[in-house]
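Observations on the three-dimensional arrangement
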Amino acid sequence: MEGILPLESSKFHKNARLRAARLAPSMPETATVLALARLARAVGAGLTLLVAALYLLGVPLLDILESKTYDIRLRAHRVPPPRSVTIAAIDEASLAKLGRWPWSRAVLARLVDRLDQAGAKAIAFDVFFPEPESPEADEQLARAVGGGRNVVLSTLFLLNRDEARHLGPERLEEAKRAMEAHAIASVERIGGAREQFSMTPPQGIIVNIPALQRSAAYAGHINISPDPDGTVRRVPLVYRYEGRYLPSADVQAARAFSGGKELVLHTASYGITGIQIGSRYIPTDEGGRLLVRYRGRTGTFAAVPIADILDGSADAGLLRGRVVLIGTTAQGIGDLRVTPYGELFPGVEVRASIIENLLEGHVLQRPDWMSIMRSEERRVGKECRSRW
C-alpha cells in the first residue's frame, strides 16, 4: 500500500497540471486582455479630462444632460391638479366681444372691480402700463388698483445696457425710486456672512405710469430667463438692483394671497439660499432662481374669458379665494415659451405654474452642498477661461 500512494499522487498532480494548462490562457491572450484593460482605463481618463476641459471652456455639457433628464422625469411624474390660480384670459372670445387688444384701461378697471366683488384673494397683471392712455382712463384704473389693496402690478428689468441707455438717466432714476417701497426689507445671512457673491446686475427697470405705480400695494418683475436651449426651467424670484433685493411679481402674488405677510430673503456666502413668504420657506439656487415644477401640459390651469367675467356669466367658484392672473392666451398676442413638455406655453401659464408652486409648496430643491460646489466651479472656470 505504501508503494501505491506515490503513484496515485503522481497521477493526480499530472492530471491537475493538464487541466490547468487547458484552462489557463496562453501568453498572447493574457497580453491582449491586459492591453484592453489599459485601453479602457485610458479612454475613461480621457473622457473625464475632456468633460472637465469642456466645462472649463464654457461648454455646459453636463448641464445640458442634467436638463434633458429633468425634462423626462418631470413629464413622467404626476402631480395634483392646480387649485390656487385661475387665469383671467384675454382670449379669442373676449377679443371678439370687446375689440382688439389693447383694451382701454377703463375696461381693465371694471375687470379689477368685478374680480374684487367675486372674492378673488389676489389679482395679478401679466401686462404692464409704462405709457399713459388718457387722464380719465388712467385714473379709473389707478382707483380700482388701489381700492382692493390686493392687486399686483408687473415691472420689467432691463438686462442689456443698450436698452437701458435709451430710457435716459432721469427716467431710470424715477423708476428706481418707484420700486424702493417694494424691496425686500429683511435679509437674513447664514452665520452673519457678508454678501460676497456676485449676481448679474440689471441695467435698468421699466415701471408703470406714476399714477398706477403709486396706487399698487404690490409690484414685482416678470423677467423670465430661458436656459441655453430656449426652455424655461428656472425663473428668477429676486434680483439685486442698486443694492436692494427686488422680488418677482409671482412672489408678490403669493404674498398678497397670504395676506401681505413679510418677505425674508435668506443668503449665504456663496449666494441666495431661499425666500420666505410668511411662514413658508421657498428654496432657490444660489442665483435666487426657482426650478419650476410644471403642473402639466398647456391648458392645465382654469382659464376664464374676461368677457364672461365682465358680463357676470363666469363661474364664481373659479375666482373666489384664488389668485386671478390677468394675461393673454389668444394666438398672435402675448408671449409664448418653450417648457419641458416640449410645447409652446402662453407666458401667463408659465407664471401660473410658478405661483402655484409658491403657494402649494411643490418646490424642487437642490442640496446646499451642490449650490456651494456649483458656485466654486463657476469661479474656477471663470479664472481658467480668463487665463487661457
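Being a predicted model, the structure only gives us computed values, none of them experimental.

Observations concerning the overall build of the protein
On a plain count of helices and strands, the protein comes out with 13 helices and 17 strands. Out of the 388 residues belonging to the protein, those deemed buried represent 43%. Of the contacts formed within the protein by residues at least 6 apart in sequence, a portion of 80% connects residues at least 24 apart. For the protein, the exposed area adds up to about 20500 Å²; of that, 56% sits on carbon and sulfur atoms.

Here's the deal with the packing of helix H10 (residues 249-257) against helix H12 (residues 347-360)
At a minimum axis separation of 9 Å, H10 and H12 run at an interaxial angle of 45°. Taken together, the axes of H10 and H12 lie oblique to each other. You can see that H10 and H12 cross each other, and the crossing is right-handed. On the side of H10, the interface is formed by Ala249, Asp250, Val251, Ala253, Ala254 and Phe257, while H12 contributes Arg351, Ile354, Ile355, Leu358 and Leu359.

Focus: a nonpolar patch on the surface
The grouping of Leu36, Leu39 and Val43 at the surface amounts to a nonpolar patch, some 290 Å² of accessible area in total. Mapped onto the fold, Val43 is located in helix H2 (residues 27-56).

Concerning the sheet that holds strand E10 (residues 263-268)
Strand pairs in the sheet, formed through backbone hydrogen bonds, run parallel or antiparallel to each other. The four strands are arranged E4-E10-E11-E12 in an open sheet whose pairing can be described as mixed. The two strands at the open ends of the sheet, each matched to only one other strand, are strand E4 (186-189) and strand E12 (280-283). Direction aside, the axes of adjacent strands within the sheet are offset by 25° on average. Alignment of E10 against strand E11 (residues 271-277), held across six bridges, turns out to be antiparallel. Within the sheet, the bridge partner assigned to His266 lies in E11 and is Gly274.

A few points about unusual backbone geometry
Note the cis peptide between Trp101 and Pro102, where omega equals 5°. For Pro102, the position within the fold is in the loop between helix H4 (92-98) and helix H5 (105-117). One non-glycine residue, Glu242, lies in the positive phi region at around 55°. By the secondary structure assignment, Glu242 is in the loop between strand E8 (238-241) and strand E9 (244-247). Residue Glu242 is classed as exposed on the basis of its relative accessible area of 55%.

Description of the pattern of salt bridges
Applying the stated criterion across every chain, the model contains 19 salt bridges. In this structure, Lys97 engages Asp308 in a salt bridge whose closest nitrogen and oxygen atoms are separated by 4.0 Å. Here Lys97, found in helix H4, pairs with Asp308, found in helix H11 (residues 306-311); they are 211 residues apart in sequence, far enough to count as distant. The class of Lys97 is exposed, set by a relative accessible area of 57%. For Asp308, a relative accessible area of 21% translates into the label partly exposed.

A word on the packing of H5 against helix H6 (residues 135-148)
For any two helices packed against each other, one specifies the crossing angle of their axes together with the interaxial distance. It is the contact of H5 with H6, at a shortest axis distance of 8 Å, that shows an interaxial angle of 20°. Here H5 is positioned roughly parallel relative to H6, judged by the angle of their axes. Taken as a pair, H5 and H6 cross one another with a handedness that is left-handed. Where H5 approaches H6, its residues Arg105, Ala106, Leu108, Ala109, Val112, Asp113 and Asp116 are matched on the opposing element by Ala137, Asp138, Gln140, Leu141, Ala144 and Gly148. For the contact of H5 with H6, a count of residues per class yields seven nonpolar, two polar and four charged.

Cut-offs applied
Residues numbered from 1 in each chain as written. Predicted model: local features only at pLDDT ≥ 70, side-chain atom pairs only at ≥ 80, totals over all residues. Heavy atoms only, no water. Helix = DSSP H or I, 4+ residues; strand = E, 2+ residues; numbered from the N terminus. Buried < 20%, exposed > 50% of the residue type's maximum accessible area, 1.4 Å probe, protein only. Contact = heavy atoms within 4.5 Å. Areas by Shrake-Rupley, 256 points an atom, 1.4 Å probe, with all protein chains shown as cover. Axes fitted to C-alpha atoms, helices over the stretch in contact; angles between N-to-C directions. Parallel < 35°, antiparallel > 145°, perpendicular 65-115°, else oblique. Left-handed = near helix turned anticlockwise from the far one by under 90°. Patch = residues over 30% accessible without salt bridge, like charges linked within 9 Å, V, L, I, M, F, W, Y side chains within 5 Å. Salt bridge = Lys/Arg side-chain N within 4 Å of Asp/Glu carboxyl O. Pairing = 2+ DSSP bridges. Nonpolar A, V, L, I, M, F, W, Y, C, P; charged D, E, K, R; others polar.

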